Amino acid sequence: NNPHESAHDCGACGGRRGGPNARLFAAMANRPDVRARLAEMGIAIPADTWFVGGYHDTCSDLIEYFDDEQVPPTHLQEYERIVNSLDQARAWNARERSRRFEAAWSAETPQQALHHVEERSEHLAEPRPEYGHCTNAVAIVGRRSLTRGLFLDRRAFLISYDPNQDPEDLQLAQLLAAGGPVCAGINLEYYFSVVDNERYGAGTKLPHNVTGLVGVMNGHASDLRTGLPWQMVEIHEPVRLLLVVETTPDRAANAVSKNAHVTELVKNRWIRVATIDPESGCVHVYRDGVFEPFVPAVQPLPVVSSSAEWYQGRLEHLPMARVSPRKMSS
Amino acid sequence: MSVSFLICSVLLLPAAVFALLGLGWLLGWSPRERTIARITAACYALAGLAAGALWAQMTFSGAHQVEVSFGNWFAFGGEGFPLILRVDRLSMPLIALSIVLVGLIGVFSVRYLHREPGYLRFFTLLHLFAFGIVLLFMAGSFDLLVAGWELVGLTSVVLIAFFHERTEPVENAIRVFATYRACDIGLLTAVVMLHHFARSTAFSQLLPQAWPGTATPLDSSQATLAGFALLLAAMGKAAQIPFSGWLPRAMEGPTPSSAIFYGALSVHAGAYLLLRAQPILAASPFVSAAVIAIGVLTAIHGTMVGRACADAKTSLAYASMSQLGIIFVEIGFGWSWLALFHICGHAVVRTLQFLRAPSMLHDYHRVHSAAGGHLTDTGGYFEMLFPAPVRPWLYRLALDRGHHDTVLDRFVVGALVRLARRLMAIESSFLNSNISTPRPKPLPVLWAARRTREGIDG
């Protein structure tokens, strides 16, 4: 139930789904001649690698695997292991997401939560099928080891980047050119739609009337409603995106200046930028044209043994915590 | 379970829930959504069971109609307002359909209106509507039918104006209300006439045969007069031309209310009125011909304008209107059973289409991605009936919805307003010659003057 389809669709893909892209990429990368050409260009893919394309429906937490009948028999056991592990992951993801839904009060186990989100994605009367990018606040560009174990409450965009493999900052510039405007755009559309839903957003979904099969208007006759409807943004916190890059301030400034759009976003303060030094871990924040060192208040992160312990039964925004499964309560 | 107990429970369950929610609201009770949802579900589950049991009993006992009488509300000189409830082969399916559809809409709305500020208001009005429509279908006399009719009209108007913080819903709701009231003149006139002609409006007197019968004590001229008045009322409620401008405007309400009212139940109340009054229509060939003509014109109008609609709910509204035109044609020809089946089937299909209207883009995207592209245009046969030079004219006509609204605004409403202004001018010129226009009292100055005088004096 979503009259304003384009509000939920991917802004980066122009409203399309990424499944066919993944399938095509996997098909291409599995071909020996393609791999031979890549080896000539310096990208060596080991011979025992097999690519499988997949699609994760973020609303029903369904994962679809494409062309899995072509997986060679040597890899079948690994593939089964991965599928089982992803099944468990999507059930836990459903449970973690469901904490935000008032209607999911009865979904306690991961399987119940999975059932609940599947029903939600198909329910004809459900105006909040998923919260999507709602509550987004941070985009972290860096190695995964930087954030592993950190409970970010689904508020972060995570982009993989290794500063040690990018001496010229070319990769960083490309990532910022692609990811910067996209993440900033998503953050700003939620920001404005929640700050003034009647003027910048689309109002409540209830009177929406699909017009011309392109957009929505209210009721009998009105202007086309642009922006996001209230049901999508109601739990959003209007903060500008904080772009955290794992690199030194000079290299970050260098990468930003390589792209005019990103420069405009940063200079005009549409997004905030911070850097984490890959060696020392010092944080610098971009303020008034320069990167200033940031001294955090010394407050240890709470440590929990599982994320469920942290979010169980709580509907509101949660502060970050460190999830450390090996820690046993003493 | 006696039949009268079942009849009363089907009628009074929604009324009781309305009273509970309404009184509670007045007294400051703000129940949680889950409470309201549970009460609603229980009410319609019980009412559905009662309706099912009633239908089963009626079928097995072979009775074609059952009447329950509660005496007269008031009576004088041998006439009165009888409180009779009748359940027969016309009203039983419609009552069962109403209970089921309102229950369905209730379940839909529990999720759809989650966290909406007007949640309690919506459900209170939904229950009042359910009571009204069941009363309308169950009424055993035209007098009592008026009560149900008015309730249905009132609740539909208030639900159109559900989003009362914006002006368009309220403006459109007032327009719908005005159309309803203007056409209800027909119903009230008909009731008065029937009292005058037949001394009573009870169906047992006026329509002595079990439905679908054709016997009536009225003669041809009496039936013509009463029939035209009833036709006026039915035209307003069922959005026949020229009173059809209100139907697309009624889409200002939330989707479930659009579904239940303009897809399913409220618009068919007009058709029900004519079906119930079938003997009166049959006694007068003029009225029957008028019903057929209006039905045909409405069907053509509905399909033509529907082709120029750009948005989902309006095109569904016009589709609904064309079907209603066809139903009127069937009633005019006297094919009562066909009309009844048509009403029930249409109600169910249209409710589904309205409830699916918000998912329309999603459905289209799924179809397009499965088909690999946009679907080829098919049809256009209706347009091909007309020669090419005529089509732009028809398109403009369809875009302005047949100019009905403009004509009514300028020549009917405008004429009334001009008349009122002229009368007001006459009145104020008459008054001005005798009484001077009151000057605004300079109260603070007088008070200050009095205070200084008092100060001076004492």
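Thresholds applied
- Residues numbered from 1 in each chain as written.
- Chains lettered and ligands numbered in written order.
- Predicted model: local features only at pLDDT ≥ 70, side-chain atom pairs only at ≥ 80, totals over all residues.
- Heavy atoms only, no water.
- Helix = DSSP H or I, 4+ residues; strand = E, 2+ residues; numbered from the N terminus.
- Buried < 20%, exposed > 50% of the residue type's maximum accessible area, 1.4 Å probe, protein only.
- Contact = heavy atoms within 4.5 Å.
- Areas by Shrake-Rupley, 256 points an atom, 1.4 Å probe, with all protein chains shown as cover.
- Buried area = accessible area lost by both parts, 1.4 Å probe.
- Salt bridge = Lys/Arg side-chain N within 4 Å of Asp/Glu carboxyl O.
- Nonpolar A, V, L, I, M, F, W, Y, C, P; charged D, E, K, R; others polar.
- pLDDT = per-residue confidence, 0-100.
- 1 Å grid on protein atoms, 1.4 Å probe; cavity = no way out; pocket = protein on both sides within 12 Å on 5 of 7 lines; lining within 4 Å.
- Points joined across faces, edges and corners; volume = space filled by probe spheres on them.
- Phe/Tyr/Trp six-rings, centres within 6.5 Å; stacked < 30°, edge-to-face > 60°.
- Lys NZ or Arg CZ within 6 Å of the ring centre and 35° of its normal.
- Axes fitted to C-alpha atoms, helices over the stretch in contact; angles between N-to-C directions.
- Parallel < 35°, antiparallel > 145°, perpendicular 65-115°, else oblique.
- Left-handed = near helix turned anticlockwise from the far one by under 90°.
- Pairing = 2+ DSSP bridges.
- Patch = residues over 30% accessible without salt bridge, like charges linked within 9 Å, V, L, I, M, F, W, Y side chains within 5 Å.

A. Summary view of the overall build of chain B. Along chain B, the regular secondary structure elements total 20 helices and two strands. Along the longest, intermediate and shortest principal axes, the C-alpha atoms of chain B span 95 × 65 × 55 Å. Relative to its 458 residues, chain B shows a buried fraction of 52%. In chain B, the proportion of contacts linking residues at least 24 apart, taken out of those at least 6 apart, comes to 75%. As displayed, chain B offers around 21400 Å² of accessible surface, 68% of which is attributable to carbon and sulfur atoms.

B. Local environment of the interface of chain B and chain A. The interface of chain B with chain A comprises 34 residues on the first partner and 33 residues on the second. Of the roughly 3000 Å² buried between chain B and chain A on both sides combined, carbon and sulfur atoms contribute 53%. Its largest share of buried area at the contact with chain A, chain B owes to R111(B), Y112(B) and L361(B), together 25% of the area lost on that side. Taken together, the connections running from chain B to chain A amount to three salt bridges. A salt bridge links E119(A) to R111(B); its shortest N-O distance comes to 3.0 Å. For the side of chain B that touches chain A, the secondary structure elements donating two or more residues are α3 (91–112), α9 (246–249), α14 (312–333), α15 (336–356) and α16 (360–371) of chain B. The greatest single-element share of the side of chain B that touches chain A, amounting to five residues, is contributed by α16(B). Partitioned by chemical class, the residues of the side of chain B that touches chain A number 15 nonpolar, eight polar and eleven charged.

C. Representation of the confidence of the model for chain B within the structure. Mean pLDDT for chain B: 88, with 94% of residues reaching 70 or above. Interface predicted TM-score (ipTM) for the complex: 0.85; the corresponding pTM is 0.88.

D. Geometry of the layout of surface pockets. All names here are of chain A. One number sums up the size of the second largest pocket: a volume of about 1400 Å³. Every residue lining the second largest pocket is counted, 41 residues in all, and those nearest its centre are V138, L242, V244, F294 and M320. When residues of the lining of the second largest pocket are assigned to their parent elements, the largest contribution, five residues, is made by strand β10 (residues 272–276). The residue makeup of the lining of the second largest pocket, split by class, is 27 nonpolar, four polar and ten charged.

E. Spotlight on the packing of aromatic side chains. All chains considered together, the criterion is met by 20 aromatic pairs over all chains. On the basis of an interplanar angle of 65° and a centroid distance of 5.2 Å, the ring pair of Y286(A) and F291(A) is categorised as edge-to-face. Neither residue differs from the other here; Y286(A) and F291(A) are each classed as buried. Geometrically, the ring pair formed by F137(B) and Y272(B) is edge-to-face, given 4.9 Å between the ring centres and 75° between the ring planes. Of this pair, F137(B) sits in helix α4 (residues 119–138) while Y272(B) sits in helix α11 (residues 268–276), and the two are 135 residues apart along the sequence. For the pair shown, F137(B) and Y272(B) are each scored as buried. Here the aromatic residues Y119(B), F122(B), F123(B), F162(B) and F163(B) are joined through ring pairs into a cluster of three or more. The ring of W149(B) has K237(B) lying over it, and the distance from NZ or CZ to the ring centre is 4.8 Å. Lying across the ring of W393(B), R396(B) places its NZ or CZ 5.3 Å from the centre.

F. The packing of helix α2 (residues 33–61) of chain B against α4(B), seen in detail. Residues and elements named next belong to chain B. At their nearest, the axes of α2 and α4 sit 10 Å apart, and the two run at 15° to each other. With respect to α4, the element α2 is oriented roughly parallel. α4 is crossed by α2, and the crossing has left-handed handedness. Where α2 approaches α4, its residues E33, I36, A37, T40 and Y44 are matched on the opposing element by Y119, L120, F123, L126, H127 and A130. In the contact of α2 with α4, the residues fall into eight nonpolar, two polar and one charged.

G. Spatial organisation of the sheet that holds strand β6 (residues 208–211) of chain A. All names here are of chain A. Pairing in this open sheet of three strands is antiparallel, and the strands run β6-β7-β8 from one edge to the other. Across the chains shown, the open sheet's two edge strands, defined by having one partner strand only, are β6 and β8 (224–225). Relative to strand β7 (residues 215–218), β6 runs antiparallel, the two sharing four bridges. Paired with T211 across the strands is G215, a residue of β7.

H. Quick look at a nonpolar patch on the surface. Taken together, V407(B), F411(B), V412(B), V413(B), L416(B), V417(B), L419(B), L423(B) and I426(B) make up a surface patch of nonpolar side chains, about 810 Å² in accessible area. Along the chain, L423(B) turns up in helix α19 (residues 404–434).

I. Structural context of the pattern of salt bridges. Residues and elements named next belong to chain B. Overall, the coordinates contain 29 salt bridges over all chains when judged by the stated rule. With its nearest N and O atoms 2.7 Å apart, the salt bridge here joins R86 to E67. Placement of the pair is R86 in strand β2 (residues 79–88) and E67 in strand β1 (residues 65–76), with a sequence separation of 19 residues. The class of R86 is buried, set by a relative accessible area of 1%.

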